[in-house]
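# Descriptive structure summary
Spelled out, the chains give:
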Amino acid sequence: MTEPTAPPLNLAQPWAAADGRETPPLVGDEREILTSYLDFHRETFALKCAGVPVEQLSERLVPPSGLSLHGLVRHLAGVEQWWLEIQFAGDESRPQLYYSDDDPEQDFERLDGDFAADLAVWRSQVEHSRRIAAEAPSLDATGIHKASGQPVSLRRILVHLLAEYARHNGHADLLRERVDGATGY
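Here we summarise the structure given alongside this text. (Residues numbered from 1 in each chain as written. Predicted model: local features only at pLDDT ≥ 70, side-chain atom pairs only at ≥ 80, totals over all residues. Heavy atoms only, no water.)

## Brief notes about the overall build of the chain
Definition in use: A run of DSSP states H or I qualifies as a helix once it reaches four residues; a run of E qualifies as a strand once it reaches two. Both are numbered from the N-terminal end. Under the scheme applied here, a residue whose accessible area is under 20% of the maximum for its type counts as buried, over 50% as exposed, and between as partly exposed, the area being computed with a 1.4 Å probe on protein chains only. Contacts are assigned to residue pairs with any non-hydrogen atoms lying within 4.5 Å of each other. Accessibility throughout is a Shrake-Rupley quantity obtained with a 1.4 Å probe, and a residue counts as covered only by protein chains that appear here. Positive charges come from Lys and Arg, negative ones from Asp and Glu, while His and the chain ends are left out of the count. Charged groups are reduced to one reference atom each: NZ for lysine, CZ for arginine, CG for aspartic acid, CD for glutamic acid.
Counting its secondary structure elements, the chain contains seven helices and two strands. Reported as C-alpha extents along the three principal axes, the dimensions of the chain are approximately 65 × 45 × 25 Å. Split into buried and exposed, the 185 residues of the chain put 41% on the buried side. Contacts in the chain between residues at least 24 apart in sequence constitute 68% of all its contacts with a sequence separation of at least 6. Put simply, the chain shows about 10500 Å² of open surface, and 56% of that area lies on carbon and sulfur atoms. Side-chain charges of the chain comprise 17 positive and 30 negative groups, with the mean position of each set lying 1 Å from the other.

Written out as structure tokens, the structure is:
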């Protein structure tokens, strides 16, 4: 039998405990782990936008990149809709958010709208996405992947959304750092 080891003296800061995010569980079934990590990343993104002066939310602060926090919130609302509402649930009853074939980059390029309204759209879309995922009978349930016409599982979609949020949270971290030096969310 091995002796228990002492915990390291220099542990990473417990960011989630300090900022209100719920820390994902250390143990749980696959669905619980995937959805809790996705919610953690969603709230991380919201924190990166919180407290930024309105006039800086639409600024492209890391040239030559055209990214802004406003553009990211619009993009992520569209991503939620595309993957869970349209491809998984098959619901195409509403126009796509911040996208059209004639103007495919409007999420990042057309930032003339109100950030607070776009943030509310994102939050609403996140809630809709949560309901869709919660109502699915299992992670093996499928929708139709639009690009290929092949089935796509809820498991695959949740992993894709995790990757999407992780990537864009990195972008948002750089943008936020340019605003006020805040990092570590």
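There's plenty left to go through after this.
## Re the pattern of salt bridges
Cut-off, in case you're wondering: Every case where a carboxyl oxygen of Asp or Glu lies within 4 Å of a side-chain nitrogen of Lys or Arg is listed as a salt bridge.
Tallied over the full model, the rule gives 15 salt bridges. The salt bridge partner of Glu80 is Arg42, with a shortest N-O separation of 2.9 Å. In this pair, Glu80 is assigned in helix 4 (residues 69-88) and Arg42 in helix 2 (residues 30-49), connecting sequence segments 38 residues apart. We classify Arg42 as buried; its relative accessible area is 3%. In this structure, Glu43 engages Arg123 in a salt bridge whose closest nitrogen and oxygen atoms are separated by 3.7 Å. In this pair, Glu43 sits in helix 2 while Arg123 sits in helix 6 (residues 115-135), placing the two residues 80 residues apart along the sequence. Among the charged side chains, a network of salt bridges with common partners joins Asp39, Arg42, Glu80, Glu127 and Arg130.

## Side note on the layout of surface pockets
The test is simple: Think of a 1 Å grid over the protein atoms and nothing else: a 1.4 Å probe that fits but is trapped marks a cavity, an open set flanked by protein within 12 Å on at least five of seven lines marks a pocket, and residues with an atom within 4 Å of a point count as lining. Grid points are joined across faces, edges and corners, and a volume is the space filled by probe spheres set on the points. For this classification, the nonpolar set comprises Ala, Val, Leu, Ile, Met, Phe, Trp, Tyr, Cys and Pro, the charged set comprises Asp, Glu, Lys and Arg, and every other residue, Gly included, is treated as polar.
Its volume calculated, the largest pocket comes out at about 260 Å³. Forming the walls of the largest pocket are 15 residues, and the residues nearest its centre are His75, Gly78, Gln96, Tyr99 and Asp107. Breaking the lining of the largest pocket down by element, the ones donating at least two residues are helix 4 and helix 5 (106-109). Among the elements that line the lining of the largest pocket, the one with the most residues is helix 4, at six residues. Each residue belonging to the lining of the largest pocket can be placed in one class, and the counts come to seven nonpolar, four polar and four charged. A volume near 160 Å³ is recorded for the second largest pocket. Lining the second largest pocket we find Gly20, Arg21, Glu22, Thr23, Pro24, Pro25, Glu32, Ser36, Asp39, Phe40 and Glu43. Residue composition of the lining of the second largest pocket, by class: three nonpolar, three polar and five charged.

## Brief notes about the packing of helix 2 against helix 6
Quick reminder of the rule: Angular values range over 0 to 180 degrees, each being the angle between N-to-C directions of two axes fitted as lines to C-alpha atoms, with helices fitted over their stretch in contact. For classification purposes, an angle smaller than 35 degrees is called roughly parallel, one larger than 145 roughly antiparallel, one from 65 to 115 roughly perpendicular, and anything else oblique.
One can describe the packing of helix 2 onto helix 6 by two numbers: an axis separation of 12 Å at closest approach and a directional angle of 175 degrees. Looking at the two axes, helix 2 sits roughly antiparallel to helix 6. For the pair helix 2 and helix 6, the contacting residues are Arg31, Asp39, Arg42, Glu43, Phe45, Ala46 and Cys49 in the first and Phe115, Trp122, Arg123, Val126, Ser129, Arg130, Ala133 and Ala134 in the second. Here the contact of helix 2 with helix 6 is composed, by residue class, of eight nonpolar, one polar and six charged.

## Section: the environment of Lys146
Relative to the assigned elements, Lys146 resides in the loop between strand 1 (142-144) and strand 2 (151-153). When the C-alpha atoms of Lys146 and Lys48 are compared, they prove to be 31 Å apart, with 98 residues separating the residues in sequence. Ignoring any residue separated from it by four or fewer positions in sequence, one finds Lys146 in contact with Trp82, Ile86, Gln87 and Glu92.

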